[in-house]
Amino acid sequence: MLKILRKLNEGSLLQRTMMHIAVLVAGSASVVALTSVLLVSTARTVLPRHDATEADADKADDEQGADSDADPGTSEAAASPAGPRGVPKALAQARMANRRESTAR
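A. Region of the structure containing the overall build of the chain. Of the regular secondary structure elements, the chain holds 5 helices and 0 strands. The N-to-C order of helical and strand elements in the chain reads α-α-α-α-α. Classification of the 105 residues of the chain by burial places 6% in the buried group.

Here is the structure:
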């Protein structure tokens with residue numbers, strides 16, 4: 001191994017410079033590739049799929065329609081989301097409605 005390293009250090013200044021540049025470029029490309037693979041795989045794991053989000057929004061729309069039809073004095077109305085837990089669901093439904101309107105145009 002030491003003989004190989006000594007051979008790489010021999011030659012003209014131009015050859016050694018080109019070898020150093022090639023090693024730098026190869027190392028940089030490998031770091032960028034590894035980082036991008038890690039970021040993409042992490043994002044796919046953490047974030048939900050777009051299709052799943054739309055399916056959940058459709059399901060939430062169906063539930064909201066059923067909740068709005070319920071009589072305020074029944075147990076169905078009491079089980080509807082209220083308070084802080086109901087707000088994110090309402091925001092998600094509003095966002096999905098806006099997204100559907102923008103794609104319909």
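B. Main features of the confidence of the model for the chain. Looking at the chain, the pLDDT average stands at 76 and 67% of residues meet or exceed 70. Here helix 4 (residues 75-79) stands out as the element of the chain with the lowest mean pLDDT, 51, in contrast to helix 2 (residues 13-46), whose mean of 94 is the highest.

C. The arrangement of a nonpolar patch on the surface in detail. Together, Met1, Leu2, Ile4, Leu5 and Leu8 line one region of the surface with nonpolar side chains, adding up to about 550 Å² of accessible area. By secondary structure assignment, the location of methionine 1 is in the segment before helix 1 (2-9). On the basis of relative accessible area, methionine 1 is assigned to the exposed category, the value being 76%.

D. Looking closely at helix 1. With 0 of 8 residues buried, helix 1 is to be regarded as a mostly surface element. Positive phi shows up at glycine 11, right after helix 1, with a value of about 110°.

Cut-offs and rules
Residues numbered from 1 in each chain as written. Predicted model: local features only at pLDDT ≥ 70, side-chain atom pairs only at ≥ 80, totals over all residues. Heavy atoms only, no water. Helix = DSSP H or I, 4+ residues; strand = E, 2+ residues; numbered from the N terminus. Buried < 20%, exposed > 50% of the residue type's maximum accessible area, 1.4 Å probe, protein only. pLDDT = per-residue confidence, 0-100. Patch = residues over 30% accessible without salt bridge, like charges linked within 9 Å, V, L, I, M, F, W, Y side chains within 5 Å. Areas by Shrake-Rupley, 256 points an atom, 1.4 Å probe, with all protein chains shown as cover. Salt bridge = Lys/Arg side-chain N within 4 Å of Asp/Glu carboxyl O.

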